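Descriptive structure summary
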Amino acid sequence: MRDPQTMVALCLVACAGAPLPDDLHRAQRLEAERRDEEALAAYAAARARCSHAGARAHDDCALAALREAQLLERLGRTREAIEAFVRVRELTLDGRRAARALLRAALLRSDLGERDGALALCRLIVRRWPDEVAAEDALRLLVQLVPDDPNLPAELDQLARELNPHAVSGFALLYRAERAERDGQLELAVATYDELWRRFPRGPLRDDAAWRAARLLRRMGRPSEAAVRLQRLQDTFVPAMFVGHYNKLLLDDAALLLGEIYLEDLGQPARAIAALEGLLRRQPTSLLADDALLLMARAALRQGGADAYARACAYLRRLRRDYPDGNRVRQAQQEEQRLGCP
């Protein structure tokens, strides 16, 4: 006598009928041949074979529904496409596929002006699949749909609390800080950016948190505090290289800003040069490398000493030599002439 697990497996195979890939291949071939109505019928037929609840484990069912939805969208049958995208969730055990399908439905509802329906789907995605990339996109769409809603800050605060430590809660903190900044609540914005850094020290938004907090603090007349956050970001770059999802897109901007703060706000040219040298060492192909060298020449002059002009000229020569196509080449040439560089 077969054990219960074997009986269940045999039942699922029998209930699901013939394997679905053949159905899918036929439908995909029809779609490639632009026989759209026949392809839709084939996808629908493949999907219909999944009516038995146990067949959800066979994710070809969801693939059939997804391709049907995508084809309906391509044909401009948007409302039918929305229904089909929503249906994918009922046929899959794959959270990523379900979240992506519902996100597409939300975007289509948004395009139709059905804001409430789109918001409902966004909220479902964020809470049900908080670790999927689609949750981050859904939260972004939610914020875009209600940018001026007075209830949005409280909703973002709640999501940040409820979904901690899921990555999407970091995005809730980011959007909450942006809203506070927009509303002129600068202290709250800085505190929220700092909370984002503290809660996700290896997350993909760490550079955003440090960069934005520093810019705000400088604007508020607190350059020393701005420098602390930017320096912290520079100091963590090397270990962060080994974290796969680390986002370093703003690292060179942060280093340049740190150099400006040390030089112009705090009167510390030596620290400015050190910060900018770090940028050149870590990211020699950065589009801001020539900006850094021009600023380093100014810092050398500000630092003074018997060799100040020689060091400034060396930075300018290095700019023209290493970055001949940079935006600062003309300024470097003019500065060389002004200083009488050899």
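Residues numbered from 1 in each chain as written. Predicted model: local features only at pLDDT ≥ 70, side-chain atom pairs only at ≥ 80, totals over all residues. Heavy atoms only, no water.

The next subject is the overall build of the protein. The secondary structure content of the protein amounts to 19 helices and 0 strands. Looking at the 342 residues of the protein, the share that counts as buried comes to 46%. Residue pairs in contact within the protein that sit at least 24 positions apart in sequence constitute 58% of those at least 6 positions apart. About 17,500 Å² of surface is accessible on the protein, with carbon and sulfur atoms providing 51% of the total. (Helix = DSSP H or I, 4+ residues; strand = E, 2+ residues; numbered from the N terminus. Buried < 20%, exposed > 50% of the residue type's maximum accessible area, 1.4 Å probe, protein only. Contact = heavy atoms within 4.5 Å. Areas by Shrake-Rupley, 256 points an atom, 1.4 Å probe, with all protein chains shown as cover.)

The tally for this structure, following the rule as stated, stands at 1 disulfide. What pairs with Cys-313 in a disulfide is Cys-341, and their sulfur atoms sit 1.9 Å apart. Handedness here is read from the sign of the S-S torsion; for Cys-313 and Cys-341, about -80°, the answer is left-handed. With Cys-313 in helix H18 (residues 308-322) and Cys-341 in the segment after helix H19 (329-339), this pair connects stretches of sequence that are 28 residues apart. Grouping residues by exposure puts Cys-313 and Cys-341 together as buried. (Disulfide = S-S within 2.5 Å.)

The next subject is the nonpolar core. Burial of nonpolar side chains together is a common tendency in soluble globular proteins. Core analysis: the biggest nonpolar cluster contains 114 residues, and Phe-85, Ile-125, Leu-139 and Leu-280 have the highest contact counts within it. When neighbours within four sequence positions are excluded, Ile-125 is seen to be in contact with Ala-99, Leu-102, Leu-103, Pro-130, Ala-134, Ala-135 and Ala-138. (Core = buried A, V, L, I, M, F, W, Y, C linked by side-chain atoms within 4.5 Å.)

For the rest of this paragraph, the subject is the side chain of Ser-169. Considering the arrangement of structural elements, one finds Ser-169 in helix H10 (residues 167-182). Overall, the relative accessible area of 0% leaves Ser-169 in the buried class.

One way to put it is that helix H8 (residues 133-145) packs onto H10 with a least axis distance of 9 Å and a crossing angle of 25°. On the basis of the axis angle, H8 is roughly parallel to H10. H10 is crossed by H8, and the crossing has right-handed handedness. Touching Ala-135, Glu-136, Leu-139, Arg-140 and Val-143 of H8 are Ala-167, Val-168, Phe-171, Ala-172 and Tyr-175, all from H10. (Axes fitted to C-alpha atoms, helices over the stretch in contact; angles between N-to-C directions. Parallel < 35°, antiparallel > 145°, perpendicular 65-115°, else oblique. Left-handed = near helix turned anticlockwise from the far one by under 90°.)

This brings us to the packing of helix H5 (residues 78-88) against helix H6 (residues 95-111). Their axes nearest at 8 Å, the elements H5 and H6 cross at an angle of 155°. Comparing their axes, H6 and H5 come out roughly antiparallel. Like other packed secondary-structure pairs, H5 and H6 cross with a definite hand, here left-handed. Facing Thr-78, Ala-81, Ile-82, Phe-85, Val-86 and Val-88 of H5, the residues of H6 in contact are Arg-97, Ala-101, Leu-102, Arg-104, Ala-105, Leu-108 and Arg-109.

Here we take up H10. With 16 residues, H10 ought to run about 22 Å at 1.5 Å a step, and its terminal C-alpha atoms sit 23 Å apart, in line with that. By the criterion of burial, H10 is predominantly enclosed, with 12 of the 16 residues buried. Considered for burial, the residues of H10 that qualify are Val-168, Ser-169, Gly-170, Phe-171, Ala-172, Leu-173, Leu-174, Tyr-175, Arg-176, Ala-177, Arg-179 and Ala-180. Tucked inside the fold, the buried residues of H10 contact helix H7 (115-128), H8, helix H9 (152-162), helix H11 (186-199) and helix H12 (206-219). One or two positions beyond H10, positive phi appears at Gly-184, with a value near 80°. (Expected span 1.5 Å × (residues − 1).)

Assignment of secondary structure puts Ala-160 in helix H9. Overall, the relative accessible area of 4% leaves Ala-160 in the buried class. Each C-alpha atom of the pair Ala-160 and Leu-173 lies 6.1 Å from the other, and the pair is 13 residues apart in sequence.

This next bit is on the packing of aromatic side chains. For the structure shown, the criterion picks out 1 aromatic pair. Here Phe-171 and Tyr-175 contribute two aromatic rings whose centre-to-centre distance is 6.5 Å and whose plane-to-plane angle is 45°, an arrangement assigned as tilted. You can see Phe-171 and its partner Tyr-175 sitting in helix H10, 4 residues apart, about one turn around the helix. A relative accessible area of 9% means that Tyr-175 is categorised as buried. Lying across the ring of Trp-197, Arg-206 places its NZ or CZ 4.6 Å from the centre. (Phe/Tyr/Trp six-rings, centres within 6.5 Å; stacked < 30°, edge-to-face > 60°. Lys NZ or Arg CZ within 6 Å of the ring centre and 35° of its normal.)

The full count for this structure, using the stated rule, is 36 salt bridges. Residue Arg-140 is joined to Asp-137 by a salt bridge in which the shortest nitrogen-to-oxygen separation is 2.7 Å. Taken together, the residues span about one helical turn, with Arg-140 and Asp-137 both in helix H8 at a distance of 3 residues. What makes Arg-140 partly exposed here is its relative accessible area of 32%. Residue Asp-137 is classed as partly exposed on the basis of its relative accessible area, which comes to 27%. Salt bridges linked by common partners bring Arg-218, Glu-260, Glu-264, Asp-265 and Arg-298 together as one network. (Salt bridge = Lys/Arg side-chain N within 4 Å of Asp/Glu carboxyl O.)

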